[in-house]
Amino acid sequence: MTKKQRALAAVETLKARYPDAICSLQYERPYELLISTRLSAQCTDARVNIVTKDLFAKYRSLEDFANAELAEVEEIVRPCGFYKVKSKDIIDMCRMLLDVYGGVLPDTVEELTRLPGIGRKTANLIVGDIYGKPAVVTDTHCIRICGRIGLTEGKDPKKVEMQLWEILPPEESSDFCHRLVLFGRDVCKARSPECEACPMQVCKKVGVPVKKK
Ligand code: SF4
C-alpha cells in the first residue's frame, strides 16, 4: 500500500465515523475565528468558547478590537493563559487587518502568517474554514495520529504539513484535519490510545489490547 493509498483509507475511515467535520471553536464573523484560534494555543477549545462569549459580546467589530484597551482585553482572556501576549496579538492583528487588508481576512497562508501571532496552523484553519479551500492544519492530534498510522514522519508541524500535502486529496484535506481532532480526543488519545476497538484499519496497532492505567 502506498502512502497515498493509506491516506485515502484514513480519510474514508474518519469520514464514515465523523460525517460532520466542523471546527469546535464557536464564531459568527470570520475574524472571530482568527481570534479564537489565537486564544486556543495551550488552551482547550471549550475554555476558549466560554471566554469568547464575553469577548465577542463586548467587542463587536474589528474597529472595536483595534481601539480596545489592552488591560481590558487581558482581563477577559486571562483564563486562556498567556493572556498578555495573546491580548496584544489580538489588538495588533485587528489593527493590521484594518490598516493593511481593508478589514477583510486574507485567503492565503502567506498573507495570514504576516499577522501578529498567526502561524501556519491558524492560517490553514482560516483558509479551510472561512474560504473552503484546501488546508492542512497540523495541530497536536494531526501530528500524533498521522505519525502513528504511518502517513508522516517527525513532529515538526511544517514538515508534517508538507508531507500531508503530498498524499492527501486536496478537497478532503481540511475536513480530514478536523476529523483527526475528534478521533484524537476519543480514540487515538495521546496516552492510552484505544487500539483494541479502533476502526483505523491502516494502522498496524489495530487490535492491540488497551493498556490498563
Ligand atoms: S490503532 Fe491505536 S495507534 Fe493506531 S490509530 Fe487506532 S488508536 Fe491510534
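What you are looking at is a predicted structure, and each value in this text was computed from that prediction instead of being measured. (Residues numbered from 1 in each chain as written. Predicted model: local features only at pLDDT ≥ 70, side-chain atom pairs only at ≥ 80, totals over all residues.)

1. Side note on the overall build of the protein chain
Reasoning step 1: Looking only at helices and strands, one finds 11 helices and 0 strands in the protein chain.
Reasoning step 2: The order of α-helices and β-strands along the protein chain, N terminus first, is α-α-α-α-α-α-α-α-α-α-α.
Reasoning step 3: Since a compact globule built from 213 residues should have a radius of gyration of about 17 Å, the 18 Å found for the protein chain is in line with a globular shape.
Reasoning step 4: Here the protein chain holds 213 residues, and 35% of them are scored as buried.
Reasoning step 5: A separation of at least 24 residues holds for 56% of the contacts in the protein chain among residues at least 6 apart in sequence. (Helix = DSSP H or I, 4+ residues; strand = E, 2+ residues; numbered from the N terminus. Rg over C-alpha atoms; globule rule 2.2 N^0.38 Å. Buried ≥ 20, exposed ≤ 12 C-beta atoms within 10 Å, placed from the backbone. Contact = placed C-beta atoms within 7 Å.)

2. A closer look at the domain arrangement of the protein chain
Reasoning step 1: Along its sequence, the protein chain is carved into domain 1 (3–18 + 140–197) and domain 2 (30–129).
Reasoning step 2: Just the C-alpha atoms count here: the centres of domain 1 and domain 2 sit 26 Å apart.
Reasoning step 3: If you tally residues by element for the side of domain 1 that touches domain 2, the top one is helix H10 (residues 157–167), at 3 residues.
Reasoning step 4: Of the residues contributing to the side of domain 1 that touches domain 2, the split by class is 1 nonpolar, 1 polar and 2 charged. (Domains from an automatic or database assignment. Nonpolar A, V, L, I, M, F, W, Y, C, P; charged D, E, K, R; others polar.)

3. Topic: the site of the ligand
Reasoning step 1: Looking at the ligand, the residues that line it are Arg 148, Ile 149, Val 187, Cys 188, Pro 193, Glu 194, Cys 195, Cys 198, Met 200, Cys 203, Lys 205 and Val 206.
Reasoning step 2: For the shell around the ligand, the residue count by class is 9 nonpolar, no polar and 3 charged. (Near = placed C-beta within 6 Å.)

4. So, the packing of helix H2 (residues 30–39) against helix H8 (residues 120–129)
Reasoning step 1: Where H2 meets H8, the axes come as close as 10 Å, and the angle between the chain directions of the two elements is 150°. The handedness of the crossing between H2 and H8 comes out as right-handed. Taken together, the residues of H8 that come into contact with H2 (itself represented by Leu 33, Leu 34, Thr 37 and Arg 38) are Thr 122, Leu 125, Ile 126 and Asp 129.
Reasoning step 2: Considering only residue class, the contact of H2 with H8 consists of 4 nonpolar, 2 polar and 2 charged. (Axes fitted to C-alpha atoms, helices over the stretch in contact; angles between N-to-C directions. Left-handed = near helix turned anticlockwise from the far one by under 90°.)

5. Digging into the packing of H2 against helix H3 (residues 45–58)
Reasoning step 1: Running from N to C, H2 and H3 cross one another at 135°; their axes reach a closest spacing of 10 Å. Judged on the interaxial angle alone, H3 and H2 are oblique. As for the relative orientation of H2 and H3, their crossing is right-handed in sense. On H3, the residues touching Glu 32, Ser 36 and Leu 39 of H2 are Val 48, Val 51, Thr 52 and Phe 56.
Reasoning step 2: Grouping the amino acids of the contact of H2 with H3 by side-chain chemistry returns 4 nonpolar, 2 polar and 1 charged. (Parallel < 35°, antiparallel > 145°, perpendicular 65-115°, else oblique.)

6. Structural notes on H3
Reasoning step 1: The terminal C-alpha atoms of H3 lie 20 Å apart, and with 14 residues this matches the ideal 20 Å at 1.5 Å per residue to within 8%.
Reasoning step 2: Along H3, the sharpest change in direction is near 30° and occurs at Thr 52.
Reasoning step 3: What H3 keeps buried is the set Val 48, Thr 52, Leu 55 and Phe 56.
Reasoning step 4: As for H3, its buried residues are in contact with H2 and helix H5 (70–77). (Expected span 1.5 Å × (residues − 1). Bend = angle between axes of the 7 residues up to and from the residue.)

7. Quick word on the nonpolar core
Reasoning step 1: Core analysis: the biggest nonpolar cluster contains 51 residues, and Cys 94 and Cys 146 have the highest contact counts within it.
Reasoning step 2: Residues lining this core come from more than one domain, with at least three contributed by each of domain 1 (3–18 + 140–197) and domain 2 (30–129).
Reasoning step 3: In this view, Cys 146 contacts Leu 151, Thr 152, Val 160 and Leu 164; residues no more than four positions away in its chain are not counted. (Core = buried A, V, L, I, M, F, W, Y, C linked by C-beta atoms within 7 Å.)

8. Structural notes on unusual backbone geometry
Reasoning step 1: At Phe 82, a residue that is not glycine, the phi angle is positive and equals roughly 45°.
Reasoning step 2: Mapped onto the fold, Phe 82 is located in the loop between H5 and helix H6 (83–101).
Reasoning step 3: Not every positive phi belongs to a glycine, and Ser 192 is a case in point at roughly 50°.
Reasoning step 4: By the element assignment, Ser 192 lies in the segment after helix H11 (170–186).
Reasoning step 5: Under the C-beta neighbour-count criterion, Ser 192 is labelled exposed, with 10 such atoms within 10 Å.

9. Remarks on H6
Reasoning step 1: Its 19 residues give H6 an end-to-end C-alpha distance of 25 Å, which sits within 8% of 27 Å, the value for a rise of 1.5 Å per residue.
Reasoning step 2: Among the residues of H6, those classed as buried are Lys 86, Ser 87, Ile 90, Ile 91, Met 93, Cys 94 and Leu 97. Buried residues of H6 fall within an arc of 160° about the axis and therefore sit on the same side. Relative to its buried face, H6 has exposed residues pointing more than 90 degrees away, namely Asp 99 and Val 100. (Arc of directions from axis to C-beta.)

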